[in-house]
Amino acid sequence: MKNSFKNLSYAELKVKRDDLKKKYMEFRFKKVIGQVENPLQKRTMRRQIARLNTLIHAHDIKEQKSARKVAEV
């Protein structure tokens, strides 16, 4: 699961991150109510969101560098 995000496009990364954020919020509400079977899933979801954010940020930096190179030329 760790490396499954690397082959996704930028748009797919953003959609996946938004989907995971929604699931994370729903999970938090379920945990308060007490309907959670696996409480460690919260940690896993948080880490997946962080991985997606890292990949999205890396893509943004790459785009900024390529835009600077084009502007310099």
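Before any of the text, the structure's been laid out above.
Okay, the nonpolar core next. With nine residues, the main nonpolar core is built from Phe-5, Leu-13, Leu-20, Tyr-24, Phe-27, Met-45, Ile-49, Leu-52 and Ile-56. At the level of secondary structure, the elements contributing two or more residues to this core comprise helix H1 (10–33) and helix H2 (41–72). Residues contacting Ile-56, with those up to four places away along its chain left out, are Tyr-10, Leu-13, Lys-14 and Arg-17.

Taken together, the side chains of Lys-31, Arg-43, Arg-46 and Arg-47 present a region of like positive charge at the surface. With three residues, the top contributor of residues to the positive patch is H2. With respect to the secondary-structure elements, Arg-43 resides in helix H2. A relative accessible area of 40% places Arg-43 in the partly exposed class.

Attention now moves to H1. Across its 24 residues, H1 extends 35 Å between first and last C-alpha, which sits within 8% of the 34 Å expected from 1.5 Å per residue. Buried within H1 are the following residues: Leu-13, Arg-17, Leu-20, Tyr-24 and Phe-27. The elements touched by buried residues of H1 are H2.

This next bit is on the pattern of salt bridges. All chains considered together, the criterion is met by two salt bridges. For Asp-18, the salt bridge goes to Arg-17, with nearest N and O atoms at 3.9 Å. Among the residues examined, Asp-18 registers a relative accessible area of 39% and is labelled partly exposed. By relative accessible area, which is 17% here, Arg-17 ends up buried.

The next thing to look at is the layout of surface pockets. Any empty space left between atoms is shown by rolling a water-sized probe over those atoms. By volume, the largest pocket is sized at about 180 Å³. As for the largest pocket, its lining consists of Leu-20, Lys-23, Glu-26, Phe-27, Lys-30, Gln-35, Val-36, Glu-37, Gln-41, Thr-44, Met-45 and Gln-48. Those elements that place two or more of their residues in the lining of the largest pocket are H1 and H2. For the lining of the largest pocket, the element with the most residues is H1, which contributes five residues. Residue classes in the lining of the largest pocket are distributed as four nonpolar, four polar and four charged.

Rules and cut-offs
- Residues numbered from 1 in each chain as written.
- Predicted model: local features only at pLDDT ≥ 70, side-chain atom pairs only at ≥ 80, totals over all residues.
- Heavy atoms only, no water.
- Core = buried A, V, L, I, M, F, W, Y, C linked by side-chain atoms within 4.5 Å.
- Buried < 20%, exposed > 50% of the residue type's maximum accessible area, 1.4 Å probe, protein only.
- Helix = DSSP H or I, 4+ residues; strand = E, 2+ residues; numbered from the N terminus.
- Contact = heavy atoms within 4.5 Å.
- Patch = residues over 30% accessible without salt bridge, like charges linked within 9 Å, V, L, I, M, F, W, Y side chains within 5 Å.
- Areas by Shrake-Rupley, 256 points an atom, 1.4 Å probe, with all protein chains shown as cover.
- Salt bridge = Lys/Arg side-chain N within 4 Å of Asp/Glu carboxyl O.
- Lys, Arg positive; Asp, Glu negative; His and termini not counted.
- Charge placed at Lys NZ, Arg CZ, Asp CG, Glu CD.
- Expected span 1.5 Å × (residues − 1).
- 1 Å grid on protein atoms, 1.4 Å probe; cavity = no way out; pocket = protein on both sides within 12 Å on 5 of 7 lines; lining within 4 Å.
- Points joined across faces, edges and corners; volume = space filled by probe spheres on them.
- Nonpolar A, V, L, I, M, F, W, Y, C, P; charged D, E, K, R; others polar.

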